Amino acid sequence: MFTGIILAIGKISAIQRKAGDFRLQIDTGKLPLQDVQLGDSIAVNGVCLTAVELGARHFCADVSNETWERTTLSQAAVGTAVNLELALTPSTRMGGHIVSGHVDGIGKVVGRRQDGRSQRFTVQVPDGLAKYIAEKGSICINGISLTVNEVNGALFGVNIVPHTLQETTLETAVVGTAVNLEVDILARYMERLMRGEAAAQPYGGVTEDLLKKSGFFG
């Protein structure tokens, strides 16, 4: 579990095909590794990976085909910069929101503009994720905990303050950049709970009938 507060920018230093899937080596920059042990979780651009090898300034992690195909790791190359965060501990400040490191989909930056000292980003999400994103709710972009400013269909906007811009890979994001997205975990569970006993049946999405049964309509 993570908070979405990025601790360092790292860099992918090796990509190895290994028995049908992948192993990454990641140089960790200023990320403190002294307390990290084999088997610990580290978020890489918002993807929860397990450290299987540790060095003084790097770690290696295995990446399954599922993770490879559903995240922007498949678009990465040696030298690609990545946001890094260590898993939270009981004493960690909860400065962001609860982040699992399980990416829901890939979005795309479709707008970026100056707003005072901040930058305003507009991101397009896959249609299936739009229902989980709400104005002033939480969203995780490449592992960064952010507040949704506004929502318009499958588009949403976020405000990036100078510190976040300088300390994360969003500084180099441009229109067309693909980003990992994780929606608020509460939204995902709420949808599942609303289905009640019907959760055991094949799912057809949120319908007017489901909302009525859940008490949203009189």
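Rules used throughout
- Residues numbered from 1 in each chain as written.
- Predicted model: local features only at pLDDT ≥ 70, side-chain atom pairs only at ≥ 80, totals over all residues.
- Heavy atoms only, no water.
- UniProt positions renumbered as here; feature names shortened; annotations may be inferred.
- Salt bridge = Lys/Arg side-chain N within 4 Å of Asp/Glu carboxyl O.
- Helix = DSSP H or I, 4+ residues; strand = E, 2+ residues; numbered from the N terminus.
- Contact = heavy atoms within 4.5 Å.
- Patch = residues over 30% accessible without salt bridge, like charges linked within 9 Å, V, L, I, M, F, W, Y side chains within 5 Å.
- Areas by Shrake-Rupley, 256 points an atom, 1.4 Å probe, with all protein chains shown as cover.
- Buried < 20%, exposed > 50% of the residue type's maximum accessible area, 1.4 Å probe, protein only.

For the chain, the name recorded in an unreviewed UniProt entry is Riboflavin synthase, with Methylovulum psychrotolerans as its organism. Looking at the chain in UniProt, the text filed under Pathway (unreviewed entry) is "Cofactor biosynthesis; riboflavin biosynthesis; riboflavin from 2-hydroxy-3-oxobutyl phosphate and 5-amino-6-(D-ribitylamino)uracil: step 2/2." Entered under Catalytic activity (unreviewed entry) in the UniProt record, the comment concerning the chain runs "2 6,7-dimethyl-8-(1-D-ribityl)lumazine + H(+) = 5-amino-6-(D-ribitylamino)uracil + riboflavin".

### Points about the pattern of salt bridges
If you walk through the whole model with that rule in mind, you get six salt bridges. Notably, a salt bridge pairs Lys-30 with Glu-167, separated by 2.9 Å at the nearest N-O pair. Here Glu-167 lies in helix α2 (residues 162-167) and Lys-30 lies in the loop between β2 (21-27) and β3 (41-44), a separation of 137 residues in the sequence. The network of salt bridges with shared partners includes Asp-115, Arg-120 and Glu-150.

### So, the environment of Val-36
Relative to the assigned elements, Val-36 resides in the loop between β2 and β3. Separated by 18 residues in the primary sequence, Val-36 and Leu-54 place their C-alpha atoms 8.3 Å from one another. Leaving out residues up to four positions away in the same chain, Val-36 has contacts with Ile-42, Leu-54 and Leu-86.

### Considerations on a nonpolar patch on the surface
The grouping of Met-1, Met-94 and Ile-98 at the surface amounts to a nonpolar patch, some 290 Å² of accessible area in total. You can see Met-1 is positioned in the segment before β1 (8-18). You can call Met-1 partly exposed: its relative accessible area is 48%.

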